[in-house]
Structure formats: C-alpha cells, structure tokens
Amino acid sequence: MSDRADITWVPEPDPSQSAVPGVPEGLLRRRYRLGGMLGRGGSGMVVRATDELTGDAVAVKFVPALHPAARRQLQRELAALLALRLPGVVRLRDEGVDGPLSFLVTDLVDGAPFGAHGPDWLASALALLDVVARVHLAGVLHLDLKPANVLVDAGGRPTLLDFGLARGRLVGGGAPGFIAGTPRYMAPEQRRGDPCDERTDLYAIACMITEAAGSVDALPPVWAAQVRRMGAPDPRDRTASALDVLAALDVDPLPQPARILGPPPWSEEQLRELFVDLPRSLLHLAEDAAALLVRSGGDVDAELRRWIRSGLASWSADGRVLVTRSALERIAASEGPEAKLVASLEGGAPVEEVVREALALARELVGAGAAERAAGLLEAAALWARGTAEERAVLEEQSIIGWELQNTAAVDRALHAVKCSSAGGDSTLETLLRGGRAALVGSAQHAVELLQPVEPLPPRLERWRHAMMLKAAHRLDLSTHARLLDEAKQALGSDEPKWTALLRYRQGDWTRAGELAERAGYVQLAAAAWLEAGELARARTSALHAVQVERQTRRAVAEAEARWVVRTIDYRSAAALSPEPERVAAAEAVGPGAAGLAALVEGAIAWRAGDGALGSSLAARAAAALEGINPPAALLAAGLCAALGSPLEPFEATSRRAAALADELAIQVLALLHRGGWRGARERLLRLLPEPPLDERRLDVISLAEARRWLDQFP
C-alpha cells in the first residue's frame with residue numbers, strides 16, 4: 001500500500017522562481033518556460049509554466065518515468081477525457097517523458113482546495129458530485145479524490161485534477177493487488193487492493209465532505225443521511241452512483257422551467273424560451289440548447305441544474321438560462337458520438353481503427369458546425385495516435401481543419417500538437433501552419449515567404465499550401481495574385497474555379513466571378529459578385545442560399561456576412577425598409593467586422609427612413625468598428641456621419657483619405673461630405689463623375705445620380 005504524503009498545495013507561488021531543481025534540460029524546456037513551484041510532496045511535484053507557443057499559463061506535473069505500457073494506457077484514458085471535454089475536468093495539453101521524469105501539462109486552474117470556501121462549500125459539493133457523475137458515465141474512475149485534487153473557483157465551481165499520473169498508475173484501473181492513493185480518503189476495498197468502482201470515489205467524497213463540515217452531525221439531515229451511505233465501509237451498503245446521490249439530495253433552490261413555460265410536457269420550440277439569446281441571433285444559442293435538452297431524454301429541470309452546477313450555464317435575473325456556444329459544444333461532446341469512440345477504445349478496439357473513426361467524425365463535426373468539438377476530438381486523437389503510424393495523419397487533419405476554420409486559435413492548437421508530437425515536431429507542418437496563420441492575420445508577404453515549397457508534399461498538403469498562399473494573395477497586388485494562381489494551377493494540374501473567381505472579383509470582372517463562384521458552390525462570393533454586377537435578383541438568390549448554408553454549419557462569421565449581403569441587396573434595390581439595430585447587436589456577438597458592416601447598412605437605412613439621429617449613431621459605430629479592418633467601408637461610414645451633421649474628423653482629413661479609394665467609393669464619400677456642408681470636394685467630384693446620364697441605382701450608400709444632384713442642390 002502506498003503511504004506517501006499528500007502533495008502540499010502552495011496557493012501563492014514565488015513568481016521570481018524561474019528554475020526548478022531536478023527538471024532536466026530536455027524536451028520540456030523547449031516547449032515550456034518553467035516558473036515557480038505550485039506544490040510538491042511524495043513522488044511528485046507541480047510547477048507553474050508558460051506555453052512558449054501560446055503564452056498561456058499552464059501547470060506541469062512531474063513524477064518518475066512510467067513504464068511504457070502504463071504510459072500508453074494513460075495516454076488513451078487521458079485522451080478519452082479530452083475527447084469528451086467534460087465540464088469540471090482539467091484540460092490536458094501535453095504529456096511525455098523528459099529524461100528520468102514523466103510529465104503531464106494541463107491548464108492552470110485558479111482555485112483553492114475543496115472545503116476552503118467557508119459556509120458555501122455545500123454548493124461546491126453538489127457541483128463536485130455532478131462532475132464525478134459525468135466522469136463515471138465516461139467510464140473513468142478517479143481513485144484519488146481529495147481536497148488538493150479538487151480546486152474550487154471563486155464562484156464555487158470545482159475542477160478535478162490529477163487523473164493518476166502523480167501516483168504512477170492507470171486511470172480507472174490497475175493490475176490486481178496494485179494499491180495507490182491517499183490513505184486518508186481511500187475506501188477499504190482500495191486499501192485492500194480489491195476491485196474498485198464508482199462507489200470507491202463516492203467514499204472519498206464522503207470523507208471530504210465530513211472533513212469540511214467537521215462531522216457528519218454538523219450537516220443538514222438530508223446531507224448527513226447521504227454522506228453516511230456514501231461513506232459506508234462495505235461498498236454494498238453505499239449509494240450506487242453519484243447520480244443517485246444527486247437525485248436523493250434534490251436540494252437546489254433554483255428556478256423551475258414551469259415558471260416560464262407553464263406545466264410540462266414542453267416542445268423543443270417552447271424550450272427555446274428558457275434561454276437568453278439575442279434577437280436575430282447568429283449564435284443560435286436558444287435553438288441549439290433546446291435541441292440538446294430534448295436529446296438528453298431526461299428531466300429538463302434536472303439537466304439544467306447539471307449545466308448550472310458545472311459552470312456551463314447560469315441563471316439570469318428573470319429565471320432564464322445563460323449559455324455560450326463553447327459550453328453547448330462541450331455538453332454535446334460529453335453525450336455524443338465521441339462517447340462511443342471512447343467506449344470502443346476502452347472495449348479493446350485497435351487504436352488505429354479508433355483513430356480513423358475519429359478523423360472521419362472530426363470532418364463530420366466541422367461540416368455540422370461543431371468546430372470546437374472537432375478540435376477537441378483531434379487533440380484526443382493525437383494522443384491516442386502518439387508514436388503510431390496514424391500520428392502523422394491526425395496531425396495533418398488537425399492542421400488542415402485548424403486553418404479551414406479561419407480561426408487563429410484553432411491554428412495555434414494545431415501548431416501545439418505538431419510541436420508536441422512523438423518525433424518532437426514536424427518542421428514541414430509547423431512551417432505550413434505558421435504561414436497559414438500569417439495569412440489569417442493579414443501578414444500577406446510573410447505568409448507567402450513561409451509557404452514557399454521546400455520539399456515535395458502529398459497532394460492534399462500541396463493543395464492546402466496553395467490555398468493558404470492564395471488567401472494571402474488577396475492582400476497583395478493583382479499581378480502577384482495572378483502569378484500565384486498560375487503557379488497553383490500548374491502545380492496541381494487543374495483549375496480551381498473558386499480561386500479563379502476570387503481573382504476575377506478583384507479585377508472587377510463581376511459577371512465572370514459570379515459564374516465561376518456559382519460553379520464552385522462558393523455562394524458567398526457569387527452573391528457579392530452579382531451584387532456588384534447589378535444583378536440584384538440573382539445576387540439575392542445566392543445570398544439567401546448562403547445564409548441557409550452557413551446557418552446549418554453554424555459558421556457565425558460567414559452567416560453574418562451572408563445576412564449583410566441580403567440586407568445590402570434590399571437596400572440597393574430601393575425597397576422600403578425600416579432600420580433594425582438588433583441586427584447590429586447580433587453581429588457584435590460575432591466580431592467587430594461583422595458588426596461594422598451591419599451598422600453601416602442599418603445607418604444608411606435609418607437615414608433614408610428619416611431618422612438622422614439613429615443613422616448618425618449607427619454610422620459612428622460602423623466607422624469605429626471598421627477602422628483598420630475595412631478602411632473603405634470605414635470612410636463611407638465617416639462620410640455618412642458628415643452628411644448627417646456629425647463629422648468624426650475635419651472634412652479635409654476625410655477627403656484626403658478618400659483619395660486612395662476606387663472612383664465609385666471616392667465619389668460617394670466626397671458627395672456625402674459635400675452634402676454635409678463641405679465644398680472643398682466639388683472640383684474633384686466633377687472630375688470623377690462620369691458623363692450623364694448617370695446611374696440611379698444605389699451603390700454602398702448613394703447613387704452616382706444622387707451625387708450629381710447634390711452638386712446642383714448645394715452649390
């Protein structure tokens with residue numbers, strides 16, 4: 001029986017401590033910058049560190065190196081928890097062996113040991129039972145539950161740490177007769193080396209609760225009864241599961257859905273009313289949360305309580321539920337097909353087979369709009385596949401999906417996985433990812449330099465390289481864009497209509513761009529091209545299709561753009577519209593670029609509808625949001641502010657900045673300045689305006705004909 005001392009928790013480590021004695025100068029130090037000690041004792045120590053790639057604060061735990069077979073099993077089961085993304089379980093980032101030590105890297109959890117929060121700890125105990133119930137449903141036992149391994153944040157939410165590595169044993173099981181744990185919290189069967197199950201963890205929780213309360217008699221009666229049952233010496237006398245304990249307690253004084261919805265049963269549409277969401281939401285929180293409740297098949301009230309206890313949701317002041325997109329994907333992952341993959345691996349399925357299934361599932365999840373779930377699954381698959389022939393395929397898929405999501409955080413996760421691979425990194429994949437990241441953040445020239453070919457690539461990676469190059473090319477001059485497109489065609493031996501359509505769009509060949517984009521199924525670009533070509537009906541058809549596609553895949557940024565195109569088409573067609581500021585609020589939840597474009601078109605609509613104050617306010621919001629993201633649109637917004645009597649800067653300064661715009665954009669900005677009372681742009685406007693007759697069709701804000709009339713009306 002292991003009788004080691006507990007690891008001593010150090011709540012405030014010395015930030016000046018930059019070196020840790022006994023840690024080798026090897027693999028780990030190339031990935032992480034080690035800092036102060038967080039805790040030590042017995043056979044393990046925990047160190048604060050900084051991830052050199054992302055800059056995130058992490059915790060690194062060291063123990064003597066594990067036997068290869070034990071490490072392999074540990075990888076599988078820790079990856080299972082990562083794949084399921086269980087709330088209340090610390091997120092694994094990396095693991096490995098560095099010289100004589102094994103290490104495990106996790107998120108750095110901010111909190112204090114269980115029981116240290118005074119009289120409110122019973123609420124934390126409820127949340128702990130819920131977390132443990134989810135872990136058990138995933139087929140994993142903790143077997144070392146104790147206050148130091150359950151950190152509770154300021155809101156009372158617990159996070160479980162240390163799934164077995166500190167004691168050098170397998171998660172959820174071990175060889176017969178192998179005994180490890182913390183004696184103070186170990187159930188009798190665990191001390192004897194007998195088989196353990198869920199009730200073993202419940203015994204430890206009973207010990208923790210009794211310790212926090214001072215005695216069982218100090219607990220409320222309903223709690224005291226359950227703690228006595230959980231802590232019974234004979235496991236046959238204990239409550240069977242954490243779910244059964246929660247059902248027996250049922251003491252949460254939380255609002256009831258019936259107060260809002262009336263008596264059950266409730267339809268999925270009714271359940272949407274339970275959730276706080278924005279009008280015209282682009283995140284579809286209420287819709288997806290209601291669908292998850294229906295799929296759970298259980299008691300709606302009980303399921304909501306579980307979400308709240310785990311910190312994935314919270315109650316609003318009016319008794320409705322607040323939840324995020326990330327939280328919904330975590331809930332779905334813990335109850336979805338990922339669980340079947342974990343179960344098949346635990347049931348003895350070959351790792352290679354499970355990894356291939358994980359790769360296929362990840363692509364399905366991305367297509368269904370569950371990008372975060374796909375990313376979590378691939379992080380797990382990278383651990384499952386570590387050191388196997390499947391590892392490279394997983395890393396490639398994680399890299400490609402990370403970039404296809406057009407999300408720098410996803411690319412950073414893929415970069416981290418590549419650097420932490422069994423071979424100590426893959427220079428080719430790493431360079432490609434760094435080039436792709438540069439393309440996403442607008443460092444176009446740097447991206448092109450990084451993405452130059454250095455070795456022959458498999459066909460899929462070669463296509464990916466060219467896709468990233470052409471993403472960067474959009475910010476370079478037209479001749480460079482055309483050259484890179486020709487290189488891609490020659491290298492791949494085929495023409496990608498989507499890529500050619502983007503170049504034609506930049507060249508102003510709207511009709512050809514629209515035709516090519518339609519052929520490629522690139523409905524977003526098709527809509528924009530037909531809009532510029534003046535084919536409003538055709539543009540609207542493409543844009544509405546794009547809204548439907550992006551809504552289905554839950555790509556919020558793309559859906560925001562598609563919605564904006566639809567609204568812009570309606571505005572340009574001179575339809576009678578009323579301003580809808582809620583569209584701007586919904587877009588703000590997606591990002592400043594989406595919010596800025598929405599504010600610009602709604603500001604123009606408000607102006608046309610005679611609400612100058614609202615128009616000016618929305619235009620100012622648009623200018624602030626788009627500055628540095630979309631300078632032409634920001635200038636249009638500044639011009640609209642000036643026309644409405646609220647210039648954002650001196651007229652002459654706006655006019656000077658407009659000199660860099662294409663003619664039609666410059667005409668609009670200068671005409672809006674003229675309408676606002678500045679006559680300094682008159683001569684330039686006369687030079688830029690084409691000969692009559694002038695087009696009456698609205699452009700982004702005004703038509704060319706309006707610009708000419710204003711010159712006559714306001715001499």
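Residues numbered from 1 in each chain as written. Predicted model: local features only at pLDDT ≥ 70, side-chain atom pairs only at ≥ 80, totals over all residues. Heavy atoms only, no water.

Caption draft 1: Representation of the overall build of the protein within the structure. In terms of helices and strands, the protein carries 34 helices and eleven strands. Relative to a compact globule of 715 residues, whose C-alpha radius of gyration would be 27 Å, the protein shows 30 Å and is just as compact. Dimensions along the principal axes, computed over C-alpha positions, put the protein at roughly 95 × 65 × 50 Å. Counting all 715 residues of the protein, 53% fall into the buried class. Summarising the internal contacts of the protein: among those between residues at least 6 apart in sequence, 60% fall at separations of at least 24. Approximately 29800 Å² of the protein is accessible, and the part contributed by carbon and sulfur atoms is 52%. Computed over 81 positive and 93 negative side-chain charges, the separation of the two mean positions in the protein equals 2 Å. (Helix = DSSP H or I, 4+ residues; strand = E, 2+ residues; numbered from the N terminus. Rg over C-alpha atoms; globule rule 2.2 N^0.38 Å. Buried < 20%, exposed > 50% of the residue type's maximum accessible area, 1.4 Å probe, protein only. Contact = heavy atoms within 4.5 Å. Areas by Shrake-Rupley, 256 points an atom, 1.4 Å probe, with all protein chains shown as cover. Lys, Arg positive; Asp, Glu negative; His and termini not counted. Charge placed at Lys NZ, Arg CZ, Asp CG, Glu CD.)

Caption draft 2: Structural view of the pattern of salt bridges. Counted according to the given criterion, the structure contains 52 salt bridges. Two residues, E580 and R280, come together in a salt bridge whose shortest N-O distance is 2.9 Å. Of this pair, E580 sits in the loop between helix 26 (556-572) and helix 27 (581-588) while R280 sits in the loop between helix 9 (268-271) and helix 10 (285-296); the two residues are 300 residues apart in sequence, bridging distant segments of the chain. (Salt bridge = Lys/Arg side-chain N within 4 Å of Asp/Glu carboxyl O.)

Caption draft 3: Spatial organisation of helix 12 (residues 325-335). Counting buried residues along helix 12, eight of its eleven residues qualify, which places the element largely inside the surrounding structure. Among the residues of helix 12, R325, A327, L328, E329, I331, A332, A333 and S334 are the ones counted as buried.

Caption draft 4: Layout of the packing of helix 24 (residues 523-532) against helix 25 (residues 536-553). Relative to each other, helix 24 and helix 25 sit at 155°, their axes nearing to 8 Å. Put simply, helix 24 runs roughly antiparallel to helix 25. In this structure, the crossing between helix 24 and helix 25 has a hand that is left-handed. Along the contact surface, helix 24 presents V523, Q524, A526, A527, W530 and L531, while helix 25 presents L536, R538, A539, S542, A543, H545, A546 and E550. Residues belonging to the contact of helix 24 with helix 25 are distributed by class as follows: nine nonpolar, three polar and two charged. (Axes fitted to C-alpha atoms, helices over the stretch in contact; angles between N-to-C directions. Parallel < 35°, antiparallel > 145°, perpendicular 65-115°, else oblique. Left-handed = near helix turned anticlockwise from the far one by under 90°. Nonpolar A, V, L, I, M, F, W, Y, C, P; charged D, E, K, R; others polar.)

Caption draft 5: View of the packing of aromatic side chains. Tallying each qualifying case throughout the model produces four aromatic pairs. On the numbers, 6.2 Å between centres and 70° between planes, the contact of W607 with W710 is edge-to-face. One end of the pair, W607, is in helix 28 (residues 592-608); the other, W710, is in helix 34 (residues 704-713), and 103 residues separate them in sequence. For the residue pair W607 and W710, the accessibility class agrees, reading buried in each case. Judged by centre distance (6.5 Å) and plane angle (15°), the rings of F651 and W678 are stacked. (Phe/Tyr/Trp six-rings, centres within 6.5 Å; stacked < 30°, edge-to-face > 60°.)

Caption draft 6: Expanded view of the sheet that holds strand 8 (residues 150-152). The three strands are arranged 7-8-9 in an open sheet whose pairing can be described as antiparallel. The strands lining the two open edges of the sheet, one partner per strand, are strand 7 (112-113) and strand 9 (158-160). Pairing geometry for strand 8 and strand 9, over three bridges, is antiparallel. Bridging from a neighbouring strand, V150 pairs with L160 of strand 9. Taken strand by strand, helix 3 (residues 121-137) contacts strand 8 and strand 9, and its axis lies near 35° from that of strand 9. (Pairing = 2+ DSSP bridges.)

Caption draft 7: Region of interest: the packing of helix 28 against helix 29 (residues 612-626). Between helix 28 and helix 29, whose axes approach to 7 Å, the crossing angle comes to 155°. What the angle tells us is that helix 28 and helix 29 run roughly antiparallel. Between helix 28 and helix 29 the crossing geometry is left-handed. Along its contact with helix 28, which presents P592, G593, G596, L597, A599, L600, E602, G603, A606 and W607, the element helix 29 presents L614, G615, L618, A619, R621, A622, A625 and L626.

Caption draft 8: View of the nonpolar core. Within the largest apolar cluster, 69 residues are counted, with the highest numbers of intra-cluster contacts made by L129, I209 and W384. I605, A634, A666 and L685 belong to the second-largest nonpolar core, a separate cluster that totals 52 residues. (Core = buried A, V, L, I, M, F, W, Y, C linked by side-chain atoms within 4.5 Å.)

Caption draft 9: Examining helix 11 (residues 300-309) more closely. Counting buried residues in helix 11 gives nine out of ten residues, a clear majority hidden from the surface. Taken as a whole, helix 11 has its buried residues at V300, D301, E303, L304, R305, R306, W307, I308 and R309. Note on helix 11: the residue one or two positions beyond its end, G311, has a positive phi of about 80°.

Caption draft 10: Inspection of unusual backbone geometry at higher detail. Look at the link from P264 to P265: it is a cis peptide, with omega at 5°. Its location among the elements puts P265 in the loop between helix 8 (258-261) and helix 9. Unlike most non-glycine residues, R554 shows phi in positive territory, near 60°. Residue placement: R554 occurs in the loop between helix 25 and helix 26.

Caption draft 11: Region of interest: the pairing of strand 4 (residues 57-64). Strand 4 sits mainly inside the fold: six of its eight residues count as buried. Where strand 4 and strand 6 (residues 101-107) come together, seven bridges link them in antiparallel fashion. Bridging across to strand 6, V58 finds its partner in D107.

Caption draft 12: Structural detail: the pairing of strand 5 (residues 92-98). Among the seven residues in strand 5, six count as buried, and that is most of the element. For strand 5 and strand 6, the ladder comprises six bridges, and the chain directions are antiparallel. By the bridge assignment for strand 6, D98 is matched with L101. Following strand 5, the chain reverses through two residues before pairing antiparallel with strand 6; G99 in that reversal takes a positive phi of roughly 65°.

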